[in-house]
Amino acid sequence: MINFDDIRTELEEYDSFRDQIITIGRDVIKRSKLVIYALHRNEIENAKALVQELETVRAKLISKIKDTPGLAYEGSFKAATQEYVEAILYYQFVVNGELKDIPGIRSNQFILGMCDLPGELNRRAVYLAGKGKTEEVTKIRDIVEVIYGELLTLNARNNEMRRKIDSVKYELRKLEDLVLSLKLKR
């Protein structure tokens, strides 16, 4: 006879872990957004502290995935990872002026998170343009151009990745228009 008690127990355990991933994932997303928001306000020290909190919560999320690896493919984990990647890359750019790999992130989730970065860089560029910092705006445009060029070399087979790569193209166009308008004002 089929042991439905074992099946039920296994499914209930999975659901329990999934609920925990959803809860912790929300916290990762929230903290990621707080990091980005602090950086938009140039609150670097606050952002640094928030990144430390974010890393702690992210570690908790990763530890839960180790118990049930299948959850790494669930929407909550993927969304939290993408927000995390976006926040850490934006933090790297604002603080160090460069972008580096983030260890321990699956390639597809890294790419999806990185595709959200140009939107934040565009907001920063508009802010900097208002301050008359044309060279910094141009640097942002150049970085987004490199990102887009590299993304075009990928074999983006799924719709989500193609859609996000297209969004990078639109952010690049906005930045190109911004740089052009700044140069024409000179």
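You'll find the structure just up there.
### Examining the pattern of salt bridges
Scanning the model with the defined rule gives eleven salt bridges in all. Across the salt bridge formed by aspartate 142 and arginine 141, the nearest N and O atoms sit 2.8 Å from each other. The class of arginine 141 is buried, set by a relative accessible area of 17%. The network of salt bridges with shared partners includes Asp27, Arg31 and Glu53.

### Regarding the packing of aromatic side chains
Applying the stated criterion to the full structure yields zero aromatic pairs. Note that arginine 58 overlies the ring of tyrosine 84, its terminal NZ or CZ placed 4.7 Å from the centroid.

### Digging into a negative patch on the surface
Negative charge collects at one region of the surface, where Asp6, Glu10, Glu12, Glu13, Asp15 and Asp19 lie side by side. On the secondary structure map, aspartate 15 appears in helix H1 (residues 4–40). Residue aspartate 15 is classed as partly exposed on the basis of its relative accessible area, which comes to 43%.

### A closer look at unusual backbone geometry
Unusually for a residue other than glycine, asparagine 42 sits at a positive phi of about 60 degrees. Topologically, asparagine 42 is positioned in the loop between H1 and helix H2 (44–67). Given a relative accessible area of 33%, asparagine 42 falls into the partly exposed group.

### Considering the packing of H1 against helix H4 (residues 107–130)
Across the interface, H1 lies against H4 with an axial gap of 11 Å and an inter-helix angle of 20 degrees. Comparing the axis directions of H1 and H4 gives the class roughly parallel. In the packing of H1 onto H4, the handedness of the crossing is right-handed. In contact with Ile36, Leu39 and His40 of H1, H4 contributes Glu120, Arg123 and Arg124. A class-by-class count of the residues in the contact of H1 with H4 yields two nonpolar, one polar and three charged.

### Focus on a nonpolar patch on the surface
A contiguous nonpolar patch, built from Met1, Ile2, Phe4, Ile7 and Leu11 and spanning about 610 Å² of accessible area, is present on the exposed surface. Along the chain, leucine 11 turns up in helix H1. Judged by its relative accessible area of 52%, leucine 11 falls in the exposed class.

### A short note on the side chain of glutamate 86
Its place among the elements puts glutamate 86 in helix H3 (residues 75–96). Arginine 123 provides the closest opposite charge to the buried, salt-bridge-free glutamate 86, at an N-O distance of 5.8 Å. What glutamate 86 contacts, discounting residues up to four positions off in sequence, is Ile36, Gly113, Asp116, Leu117 and Glu120.

Cut-off values and rules
Residues numbered from 1 in each chain as written. Predicted model: local features only at pLDDT ≥ 70, side-chain atom pairs only at ≥ 80, totals over all residues. Heavy atoms only, no water. Salt bridge = Lys/Arg side-chain N within 4 Å of Asp/Glu carboxyl O. Buried < 20%, exposed > 50% of the residue type's maximum accessible area, 1.4 Å probe, protein only. Phe/Tyr/Trp six-rings, centres within 6.5 Å; stacked < 30°, edge-to-face > 60°. Lys NZ or Arg CZ within 6 Å of the ring centre and 35° of its normal. Patch = residues over 30% accessible without salt bridge, like charges linked within 9 Å, V, L, I, M, F, W, Y side chains within 5 Å. Areas by Shrake-Rupley, 256 points an atom, 1.4 Å probe, with all protein chains shown as cover. Lys, Arg positive; Asp, Glu negative; His and termini not counted. Charge placed at Lys NZ, Arg CZ, Asp CG, Glu CD. Helix = DSSP H or I, 4+ residues; strand = E, 2+ residues; numbered from the N terminus. Axes fitted to C-alpha atoms, helices over the stretch in contact; angles between N-to-C directions. Parallel < 35°, antiparallel > 145°, perpendicular 65-115°, else oblique. Left-handed = near helix turned anticlockwise from the far one by under 90°. Contact = heavy atoms within 4.5 Å. Nonpolar A, V, L, I, M, F, W, Y, C, P; charged D, E, K, R; others polar.

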